[in-house]
Amino acid sequence: MTSWTSWPSREALSRAGRSPARREFGRVVRVVLAGAAVWGITGRGGLGAWQTAGAVVGVLAAFAVTWGYFRTTLRHLLWPSVALLGLLVAGGGIAHALGGDVGASLLWCGSAVVAIQRLPLAAGTPMALAALAGFAAMGGDNWLVATLTCLGLALGGYTMRLDAEARGSTQRLLEQERAARLAEAETATLAERARIAREIHDVLAHSLSAQTVHLEATRLLIERGADQDMILERVAAARRMAREGLAETRQALSALRGDLAPVEEYLRELVASEGARLEVRGEPRGLSPEAGLAVRRVAQEAMTNVRKHAPGARVVLRLEYRPGEVELEFRDFGGGRTPVDNSLGASGAGYGLRGMRERAELLGGALDAGPAEEGFVVRLRVPA
């Protein structure tokens, strides 16, 4: 029942999605129909200038009414559309009465086709029957030809309706796909911005907090009249932290662009500078920027914690490539004065191991940290 009372979709009634060739063909058909209508009225001769002008005006008026009908059906205005279509059917009767059977046939046949094509079937079918009845009556005694012609016109109008609906459905799917792609691009942009902000925040929070500690110590030394060498040592440490922060920021941005060297090369440089040992297991492969940056950050944070809380401890890093994931194990074997803070928040501000745990979980991985039989173990697993 809904198919009888529902309109064709606006996408089906509009020109959207039609190819340029199809649009050009439609223009040619309209010109041919207009010429045929004028010729059908004036070609039989015997018309005066005013009658010929009246015929041309009638053809133009029919095209104007048709244009209005297309606009009102596009807006799904039922009664204005039915009224305009009624004018076209009545115009066919006027043309027939004036002897313009060609023009009358075009109006009636065209009205029947567009009634079925563009109106709800409950309204379009009676209008089409009225137009086809006029066309059949004009056919005289040849009822077989008239009946077959009417059936063909009705079938043609319904076929055009189905074709327009299919084109409209395709157009809606394309628009939905464009909207989905746009939303996906916006989501990716927001995620990228959040990721960059998180990396910069982590680096700067760590660097600036360390600089603040050094500068505060410098202020206290100056107030107490400490030795100049001690003050210079603190200033140099603050300057070193600033340089390291800038370098880490550049590394974070490079990692987000995928420009960093393989992660095992970074780890080799890290352990070489700290006198630690690195073990690489499995077949090395490229990691995503997020996974590679997570491994770098965890190794760097764990090494910083060893320097803070267990200086002189023996450190071993193990990087293992597994099917579908990569695991980093950072193990120190004691030797320091104080164990690492088990709260995983030693560095604070999102840059400590707690922040690394959150980073791993965002990537679908996990980070475990805690005391072992000897020393402390940090273990990171991320998909790769």
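Owing to the predicted nature of the structure, the values given are computational and were not obtained by experimental measurement. Note that residues are indexed from 1 along each chain, following the sequence as it is written. Two thresholds apply to this predicted model, a pLDDT of at least 70 for residue-level local features and 80 or more for giving and counting side-chain atom pairs, whereas whole-chain, interface and lining totals are computed over all residues. Values shown for side chains rest on all heavy atoms present in the structure; no hydrogens or waters enter the calculation.

1. Thoughts on the overall build of the chain
Strands here mean DSSP runs of E at least two residues long; helices mean DSSP runs of H or I at least four residues long; both are numbered from the N terminus. Across its full length, the chain carries 12 helices and five strands. Relative accessible area decides the class of each residue, using a 1.4 Å probe on protein chains only: under 20% of the type maximum gives buried, over 50% gives exposed, and in between gives partly exposed. Here the chain, with 384 residues, has 37% of them falling under the buried criterion. The criterion used for residue contact is that any of the two residues' heavy atoms lie within 4.5 Å. Considering only intrachain contacts with a sequence separation of at least 6, the fraction spanning at least 24 residues in the chain is 68%. For accessible areas, the Shrake-Rupley method is used with a probe of radius 1.4 Å. Any residue's cover is judged against the shown protein chains and nothing else. Accessible surface, the chain as shown: approximately 21200 Å² in total, 62% of it carbon and sulfur.

2. Some remarks on the confidence of the model for the chain
A score between 0 and 100, pLDDT records how confident the predictor is in each residue. Residues at a pLDDT of 70 or more form 82% of the chain, whose mean pLDDT is 78. Confidence over residues 336-351 falls short of pLDDT 50; this stretch has 42 contacts with residues more than four positions distant or in other chains.

3. Focus: the side chain of Ser81
Turning to its location among the elements, Ser81 is positioned in helix 5 (residues 78-97). Residues within four places of Ser81 in sequence aside, it is in contact with Trp7, Tyr69, Thr72, Thr73 and Leu119.

4. Looking at unusual backbone geometry
In this model, His76 sits at a positive phi of 60 degrees, which is unusual for a non-glycine residue. Inspection of the secondary structure puts His76 in the loop between helix 4 (49-74) and helix 5. Here His76 falls in the partly exposed class, since its relative accessible area comes to 21%.

5. Focus: the packing of aromatic side chains
Ring pairs are drawn from Phe, Tyr and Trp, using the six-membered ring of Trp, whenever the two centres fall within 6.5 Å, and their geometry is named by plane angle: stacked under 30 degrees, edge-to-face over 60, tilted for the rest. All chains considered together, the criterion is met by one aromatic pair. Both rings, one in Tyr69 and one in Phe70, keep their centres 6.1 Å apart while their planes meet at 75 degrees; by these two values the pair is edge-to-face. Working rule: Lys NZ or Arg CZ, within 6 Å of ring centre, within 35 degrees of ring normal, means a charge sits over the ring. Over the ring of Phe70 we find Arg118, and its NZ or CZ is 4.2 Å from the ring centre.

6. Describing the pairing of strand 1 (residues 277-281)
Only strands that DSSP links by at least two bridges are regarded as paired with each other. As judged from the five bridges shared by strand 1 and strand 2 (residues 315-322), these two strands associate in the parallel manner. Residue Glu279 lies in a different strand from strand 2, and its bridge partner there is Arg318. The path from the first strand over the helix to the second decides the hand: if it runs clockwise while the strands point away from the viewer, the crossover is right-handed. Taken together, strand 1, helix 11 (residues 289-309) and strand 2 form a β-α-β motif whose crossover is left-handed.

7. Some words on helix 6 (residues 101-118)
The span you would expect from a helix comes to 1.5 Å times its residue count less one. Between its first and last C-alpha atoms helix 6 spans 25 Å; for 18 residues at 1.5 Å apiece the expected length is 26 Å, and the two agree. The buried count for helix 6 comes to 14 of 18 residues, which makes it a mostly enclosed element.

8. Details of a nonpolar patch on the surface
Residues enter patches when their relative accessible area tops 30% and they take part in no salt bridge; the joining distance is 9 Å for like charges and 5 Å for the nonpolar side chains Val, Leu, Ile, Met, Phe, Trp and Tyr. Salt bridges, as used here, are contacts in which a Lys or Arg side-chain nitrogen is within 4 Å of a carboxyl oxygen on Asp or Glu. On the surface, a cluster of nonpolar side chains totalling about 340 Å² of accessible area is made up of Leu144, Leu148 and Leu151. Position of Leu144 relative to the elements: it lies in helix 8 (residues 143-223). Take Leu144: its relative accessible area is 61%, and that puts it in the exposed class.

9. Focus on the pairing of strand 4 (residues 366-371)
Of the strand pairs in this sheet, strand 4 and strand 5 (residues 376-383) are connected by six bridges, and their pairing is antiparallel. Opposite Asp368, over in strand 5, you have Arg379 as the bridge partner. What sits between the antiparallel neighbours strand 4 and strand 5 is a turn of four residues, in which Gly375 has the positive phi angle 85 degrees.

10. Quick notes on the sheet that holds strand 3 (residues 325-332)
The five strands lie next to each other as 1-2-3-5-4, forming an open sheet whose pairing is mixed. Single-partner strands in this sheet number two, and they are strand 1 and strand 4. Sheet twist, expressed as the average angle between the axes of neighbouring strands with direction ignored, equals 10 degrees. Axis angles are defined between N-to-C directions and span 0 to 180 degrees, where every axis is a line fitted to C-alpha atoms and, for a helix, only to the segment in contact.

11. Things to note about the packing of helix 5 against helix 6
For the pair helix 5 and helix 6, interaxial distance at closest approach is 7 Å and the crossing angle is 160 degrees. Between helix 5 and helix 6, the crossing angle belongs to the class labelled roughly antiparallel. For the pair helix 5 and helix 6, the sense of crossing is left-handed. Of helix 6, the residues touching helix 5 (which contributes Leu85, Leu88, Val89, Gly91, Gly92, Gly93, Ala95 and His96) are Asp101, Gly103, Ala104, Leu107, Trp108, Ser111, Val114 and Ala115. In terms of residue class, the contact of helix 5 with helix 6 is built from nine nonpolar, six polar and one charged. Any angle that falls under 35 degrees is termed roughly parallel, while one over 145 is termed roughly antiparallel, one within 65 to 115 roughly perpendicular, and all others oblique. For any pair of crossing helices, the crossing counts as left-handed if the nearer helix is rotated counterclockwise from the farther one by less than a right angle, and right-handed if it is rotated clockwise. Amino acid classes used here: Ala, Val, Leu, Ile, Met, Phe, Trp, Tyr, Cys and Pro are nonpolar; Asp, Glu, Lys and Arg are charged; the rest, including Gly, are polar.

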